[in-house]
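Listed below, chain by chain, are the residues.
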Amino acid sequence: MRCRIGVYVCMCGSNISDYVDVEKVREIAAENPCVVLAKTTMFACSDSTQKEIIEDIKVNELNAIVIASCSPKLHLFTFRNVAERAGLNPYNYVQVNIREQCSWAHSDNPKFATLKAIQLVKAGIDKAKNSVSLEPIMIKAEHSALVIGAGITGMKAALALANTGTKVTLIEKEHYVGGRIAQWNRLFPHNDPAEKLVKTLYEEIIINDNIYLYTGAELISKSGSVGNFIVKIKIKPRYFKSGYLIEQCIEKAIESCPVEFDDPFNYGLTKIKAIQQNHIGQFPYYPVIDMSKCTKCGICTDICADIDLEQKEEELELNIGAILIATGAESYQPPSGEFGYGVIPGVITLQMFRRLIDLNGEKLIYNHKQIKRIAYIYCVGSRQYDGENQYCSRYCCTAAVHTSLIVKEKFPEIVNIHLTRGVRTYGKQEILYNKSNLQKDIYLQFDDTPPEISEENGMINIKVVDILTVKKTIELDIDLVVLVTSMVPRKNKELENILKLPIGRDKFYNEVHPKLKPVETMIDGVFIGGNCQAPMNISESVKSSLSAVSKMNALIGKGEIQLEPSLATIDKSICVWCDECTKICPSDAIIKTEYNGKPVAEINEANCKGCGMCLPVCPTNAIQLIGYSDVEIESMIDALASYSPEFTI
Amino acid sequence: MAYNYSNINDYDVLVIGGGIAGIEAALNLAYQGYKVILVEKDLSIGGKMIHLSKVFPTLDCAACITTPKVSETARHPNIKIYTYSEIKDIEKLGERYFTATLVQKPRYVTDACTGCQLCEEKCPVVVEDEYQWGLVGRKAAYIPFSIANPRIAAIDIENCTFCGLCEKVCAAGAIDFTQEEKRSTIVVKSIIIATGFNLFQSERLSYYGAGKFKNLLTSMQMERQLVPTRPYNNVLRPKDGKVPDRIAYVLCVGSRDKSLGNPICSQVCCMYSIKQAQLLMGALPMADVTIYYIDIRAFGKGFDEFYKQGVGMGVNFVKGKIANISEKENGDLILRYEDIDSGVLKEATHDLVVLSVGILTNPDFEKLFKTTPLLKDDYGYVRQVSELLSPSKTSIDGVFVAGTASGPMDIPDSILSAGAASTEASVYMKGGAS
Amino acid sequence: MGENQKIPKILVFSTEKISDPAIDLAGLLKKHYPPTVYVVNVPCSSSVKPKWILHAFKKGFDGVFIAADGSDCQYSETCTFNTGEIVRKTHDLMKKKGIEPSRLKMAAICSVCSDPFVKQMKSFIEALI
């Protein structure tokens, strides 16, 4: 217990002293046997008083101070700093709010305000008596990051991290980097070519000494906590022995490979072999064998000595300070029959349509038929009436409108008909919508009645109740129906389990708070960026991952992490391991350990945020929060409860 | 011109604008160890966000989010804030530095001010309170608003009568009428433009009668009626102080309108109108709220769900553009619009109408640079030279843009944009290409 | 009501980031509430131990009020539920000890909700008289 306490009662000009008899407060404080010195002061926060306090602490060897002044929100840090400058632990400083919560709140009754101030100061003195000196907890942090997913979002983040001095391991599950954008080819709003974007980033990455890029790589385990994660990565082989040469033989090997199947990159519009070369916009320029399809017939190995079908997976263990998840999203796959998908041949998704545009020359041909009239049906797989995807998928309106511009540019004779649910080309993207209107695209809008699709003699018929023309039912003959399909969360149970990622209502990964902590997850040191969090366009994804970089650098850039010392502590001798605290802890900060042969709970200091949620649920009262221990709180209650007979009506 | 090189290491980054984007960028950089100078032209930091009621789609109270960030900024050892100050004459100094002139306008109150408001109490001058969007009055000696930071008074010298009462009553001796504008030169390595946006001035639309009809409010005025610290502690009609019960929202006021030179969508008005409608239904359970819209753009995370929540609460959504508004004798307003549902011209009477005004560029950034101008885009916003790969890059190397200075966006997007700007500034200062 | 009737004493558990700024704001705006309202800070309203509440009653407080974070809580979305659970549990304990459960109340107080706070305090005091 501390028993050399200094008390300062601030007048705050007249803000306090007009209503509170500060001299009376000082007198009563001075009566406390542990109070060595009690003063009143005009402005406690002024420079001269600060110096005086420092002098007092030193001369009188004070071991705690109490300042009764304004709200701690204004000057807690000022006075903690004063304590520190005098060589006193800042946590042995107690601020008592006698302005906002006393003199001002009770300016209508100075007598009561004085009585209340006396009690508040008494309670403050008791809190100071029981205060403990605390040091910030420092934990060592690896100055290195793991970025999961090498789409645009992850690549950009990796580069920014590396260029600000952080060592980065960038892993990509596929054998090529670039994510989905290569399939889109030309990107809204300015028609940037995807290939150029990916190439720029890829080339910067491979020459950057701070980045280790692994393709065909997945996270398989994670242990440790913020600043000190230990991660294991599994790397699939490409089944090529050596380096970077793309030998002549590869072409021949691909030609002679007997295994041929629908190329997922082109949504089955073309075929691909088990030995594959990258598509335009995918990097590295290096072939790979898809072992899930390869029959190991050995024909290719005879052609290319570089091929080794017996290559094994490798595992890698790394120490990592922080993790960024940039795993992106998937496109919604309509079930068979939704708007005729999979049943009527001329119904395809927007993603497939983009490949079709690229693969066609002067005329747009699908299913051996020249396409002249296209209907785009919006909000497929998003804003569902009954389905589970209630959310708006944000990027698709603009993507569809942009597609219609590309179509018109390449195939001017084509008529674009948009069946929307309200076009959401927000912000500057509105200009694309304006352009689409200018090129005489037709816009119809449906509401709660989805369009009906049927087929007769190779012609598709759409019936739509158009709310823009007094809910008239309009019939359209169409050559091709493009379903504007949404972004859906990627199915990645393993990753979610490994990282214990919180999933939101919309099944995307959840941030802690959309404004306060928009790229942070509840797991300290694990960040999210881009489409794994929510549908967004490229620019927005990059912004979010760059935001995450800034938070990651602030966290691990100094090589150590400073934590507030007001954390929970568990008295293991009385813990009975009921599991209640682990269930309620929002920060995954309680771990199971052993004490005298029995299972008990223990606080993981790196994760504990000091919220105290675990305190009330402990059946044996084994948990104390530093700074808010039973003795501190109860001694304050005692002082405040001491009855003052003058408080009467 | 000779520069004072002694202060070359005082700051690394200049952040212009102390709204939510500027604050976020400054904090991000400060936590990474950079020295930041944050310059705000207003008397307090916090921008427009600090004045909002609750924010969509979570309905958190805006102050609950802004004030902790504001005080974190104010006490961060790596951030120096200049409020009521402006930046001028930015120029490149060699390859890696910029110089700029910092102009500190006099507020006639020194840092000794404790925010006690005694001067405000005694000041005899009452003028319109711009922080309450003209809904109520304020004094000439005043604290800008209750949660202002710094909580230091200012003297509105234009309206001051120099009666000297404030000086007499101030125990801290903080009133100083001798203050003058101060100019100094600062040197920094990188600059973040976070100058925010301007609201569309609805008075430009004579056919809506804004500025003429009393019961026609802008959405920002309604916002102030909905904050817990609101001036009337209730939602009232300005004309007669009656509690309204048929409230209308007119969307796309000043946005998506080529004739006004603003063809783009403001990105936030649909959502803030739905939010206000929900808050109104809470504050005035008996009131009918109708939103007249062209398209509802509820695109962000949780937005469409929030829109549906509004529908579920009974907010009436009518698809149709308002052609004009006229006033009845009792102050009620008649809205004429083409009802898309029925295809006919209709009229509706409301006793309070809110114009959901759009976002326009704040052209202040154009005046910041001395020789090489910062390029703007077709809509007057700071031009993003690499929108997809480096969204905060501008036409000047080392100058980055954060928040609505680059285009309309909501608060979460502004915060992310500020995050990107701080990262790109950091990459730039480390000498790396980004 | 007698001339010298005591004003009931209320202990408020308020949270540093959310409800305490509202209580400060009430003072700042000179919105008065009875002086027998005493505030003790905690990080989050879900951290209040029933033991502390019972201690306050034992020591003579007439009422205990938890100024909850509600949906503004920065730690957990389940804060409102958790705080509600604390109140429920404590109500049970109070009943066992013969303390009227209405002497413990909670309400969410946002960081600028000074009016609701003052109203809550006044009506709570009224109810306790």
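Residues numbered from 1 in each chain as written. Chains lettered and ligands numbered in written order. Predicted model: local features only at pLDDT ≥ 70, side-chain atom pairs only at ≥ 80, totals over all residues.

## A closer look at the overall build of chain A
Summing up its helical and strand segments, chain A has 17 helices and 36 strands in all. Taken over C-alpha atoms, the radius of gyration comes to 33 Å for chain A, far larger than the 26 Å a tight globule of 649 residues would show. Seen through its principal axes, chain A has C-alpha atoms that stretch 100 × 70 × 45 Å. Counting every position in chain A, which comprises 649 residues, the buried fraction comes to 51%. Sequence-distant contacts in chain A: of pairs separated by 6 or more residues, those separated by 24 or more amount to 71%. (Helix = DSSP H or I, 4+ residues; strand = E, 2+ residues; numbered from the N terminus. Rg over C-alpha atoms; globule rule 2.2 N^0.38 Å. Buried ≥ 20, exposed ≤ 12 C-beta atoms within 10 Å, placed from the backbone. Contact = placed C-beta atoms within 7 Å.)

## Topic: the overall build of chain B
Of the regular secondary structure elements, chain B holds 8 helices and 24 strands. The C-alpha extent of chain B, read off along each of the three principal axes, is 70 × 60 × 35 Å. Per-residue burial over chain B gives 56% buried out of 434 residues. Excluding contacts between residues fewer than 6 apart, the proportion of contacts in chain B whose partners are at least 24 apart in sequence is 68%.

## What to know about the domain arrangement of chain B
Residues and elements named next belong to chain B. Taken domain by domain, chain B comprises domain 1 (7-105 + 181-196 + 362-429), domain 2 (106-180) and domain 3 (200-359). Taken together, the contact between domain 1 and domain 3 spans 12 residues of the former and 19 residues of the latter. Looking at side-chain class alone, the side of domain 1 that touches domain 3 contains 7 nonpolar, 3 polar and 2 charged residues. (Domains from an automatic or database assignment. Nonpolar A, V, L, I, M, F, W, Y, C, P; charged D, E, K, R; others polar.)

## A word on the pairing of strand E2 (residues 36-39) of chain B
All names here are of chain B. Burial along E2 is two-sided: Val36 and Leu38 facing one way and Ile37 and Val39 facing the other are all buried. For strand E1 (residues 13-16) and E2, the ladder comprises 4 bridges, and the chain directions are parallel. Paired with isoleucine 16 across the strands is valine 39, a residue of E2. Running through helix H1 (residues 20-31), the crossover from E1 to the neighbouring parallel element E2 is right-handed. Here E2 runs beside strand E5 (residues 79-82); their pairing, made up of 4 bridges, is parallel. Residue pairing in the sheet places valine 36 in a bridge with isoleucine 79 of E5. (Pairing = 2+ DSSP bridges. Right-handed = clockwise from strand over helix to strand, strands pointing away.)

## Observations concerning the packing of helix H11 (residues 350-359) of chain A against helix H12 (residues 396-410) of chain A
Residues and elements named next belong to chain A. Two numbers describe how H11 lies on H12: the axes approach to 11 Å, and their chain directions differ by 20 degrees. Taken together, the axes of H11 and H12 are roughly parallel relative to one another. The hand of the H11/H12 crossing is left-handed. Contacts between H11 and H12 involve Leu350, Phe353, Arg354 and Ile357 from the former and Ala399, Ala400, Thr403, Ile406, Val407 and Lys410 from the latter. Here the contact of H11 with H12 is built from residues that sort into 7 nonpolar, 1 polar and 2 charged. (Axes fitted to C-alpha atoms, helices over the stretch in contact; angles between N-to-C directions. Parallel < 35°, antiparallel > 145°, perpendicular 65-115°, else oblique. Left-handed = near helix turned anticlockwise from the far one by under 90°.)

## Here's the deal with the sheet that holds strand E24 (residues 415-420) of chain A
All names here are of chain A. Taken in spatial order, the 5 strands line up as E20-E29-E23-E24-E25 in an open sheet, and their pairing is parallel. The open sheet has two edge strands, strand E20 (347-349) and strand E25 (442-445), and neither has a second partner. Across the sheet, the mean angle from the axis of one strand to that of its neighbour is 25 degrees, orientation sign disregarded. Bridge analysis of E24 against E25 gives 4 bridges, and the strand direction is parallel. Its bridge partner being in E25, histidine 418 is matched across the sheet by tyrosine 443.

## A word on the interface of chain C and chain B
Each partner contributes to the interface: chain C provides 14 residues, whereas chain B provides 12 residues. Elements supplying a minimum of two residues to the side of chain C that touches chain B: helix H1 (19-28) and helix H4 (114-128) of chain C. Of the residues forming the side of chain C that touches chain B, the biggest block, 3 residues, is contributed by H1 of chain C. Class assignment for the residues of the side of chain C that touches chain B results in 8 nonpolar, 3 polar and 3 charged.

## Side note on the nonpolar core
Counting 375 residues, the largest nonpolar core has Ala68 of chain A together with Leu14 and Ile192 of chain B as its most contacted members. Examining the composition of this core, we find that 10 residues originate from one element, helix H5 (residues 110-129) of chain A, more than from any other. Among all residues touching isoleucine 192 of chain B, those that are not within four sequence positions of it are Val13, Val15, Ile16, Ala25, Phe400, Ala402, Ala421 and Ala425 of chain B. Membership of the second largest hydrophobic core comes to 13 residues, among which are Ile250, Val288, Cys300 and Cys304 of chain A. (Core = buried A, V, L, I, M, F, W, Y, C linked by C-beta atoms within 7 Å.)

## Overview of the interface of chain A and chain B
The interface is formed by 53 residues belonging to chain A together with 54 residues belonging to chain B. Of all elements in the fold, only helix H3 (72-85), helix H6 (152-163), helix H8 (194-207), helix H13 (430-438) and helix H15 (538-556) of chain A reach the threshold of two or more residues within the side of chain A that touches chain B. For the side of chain A that touches chain B, the leading source of residues is H15 of chain A, giving 12 residues. Considered class by class, the residues forming the side of chain A that touches chain B number 23 nonpolar, 19 polar and 11 charged.

## Topic: the sheet that holds strand E19 (residues 322-327) of chain B
Residue and element names in this part refer to chain B. With antiparallel pairing, 3 strands are arranged side by side in an open sheet as E19-E20-E21. Edge strands, defined here as strands with exactly one partner in the open sheet, are E19 and strand E21 (344-350). Looking at each pair of strands side by side, their axes are set apart by 20 degrees on average, direction ignored. Where strand E20 (residues 333-339) and E21 come together, 7 bridges link them in antiparallel fashion. Paired with aspartate 339 across the strands is valine 344, a residue of E21.

## Focus: the packing of H6 of chain A against H15 of chain A
Residue and element names in this part refer to chain A. At a minimum axis distance of 9 Å, the contact between H6 and H15 shows a crossing angle of 35 degrees. Relative to H15, the crossing made by H6 is right-handed. Within the contact between the two elements, H6 uses Ile152, Thr153, Gly154, Lys156, Ala157, Ala160 and Leu161 and H15 uses Ile538, Ser541, Val542, Ser545, Leu546, Ala548, Val549 and Met552. Residues that form the contact of H6 with H15 fall into these classes: 10 nonpolar, 4 polar and 1 charged.

## Digging into helix H2 (residues 50-58) of chain C
All names here are of chain C. Buried within H2 are the following residues: Pro50, Trp52, Ile53, Ala56 and Phe57. Buried residues of H2 fall within an arc of 165 degrees about the axis and therefore sit on the same side. Within two residues after H2, glycine 60 carries a phi angle of roughly 115 degrees, on the positive side. (Arc of directions from axis to C-beta.)

## Some points on the domain arrangement of chain A
Assigned domains within chain A: domain 1 (5-134), domain 2 (144-236 + 313-328 + 490-556), domain 3 (248-303), domain 4 (332-488) and domain 5 (564-626). One C-alpha centre belongs to domain 1 of chain A, the other to domain 5 of chain A, and the line joining them spans 34 Å.

## Comments concerning the environment of arginine 186 of chain A
Residues and elements named next belong to chain A. Summarising the element assignment, arginine 186 is placed in strand E8 (residues 186-187). For arginine 186, a count of 19 C-beta atoms within 10 Å translates into the label partly exposed. With 198 residues separating them along the chain, arginine 186 and glutamine 384 place their C-alpha atoms 28 Å apart. Those residues in contact with arginine 186, other than ones at most four positions away along the chain, are Asn191, Pro193 and Ile406.

## A closer look at unusual backbone geometry
Residue and element names in this part refer to chain A. Here the bond from phenylalanine 188 into proline 189 is cis, since omega is 5 degrees, no more than 30 degrees from zero. Backbone torsion omega between phenylalanine 283 and proline 284 reads 0 degrees, so that peptide bond is classified as cis. By the element assignment, proline 284 lies in the loop between strand E15 (275-276) and strand E16 (288-289). At cysteine 379, a position not held by glycine, the phi torsion is positive, near 60 degrees. Relative to the helices and strands, cysteine 379 resides in strand E23 (residues 373-380).

## Side note on the pairing of E23 of chain A
For a regular strand, the rule is simple: side chains alternate between the two faces of the sheet. Residue and element names in this part refer to chain A. Taken across its 8 residues, E23 has 7 buried, putting it largely inside the fold. Here E23 pairs with E24 via 5 bridges, running parallel. Paired with alanine 375 across the bridge in E24 is isoleucine 417. Looking at chain direction, E23 and strand E29 (residues 480-485) are connected through 5 bridges and run parallel. By the bridge assignment for E29, isoleucine 374 is matched with leucine 480.

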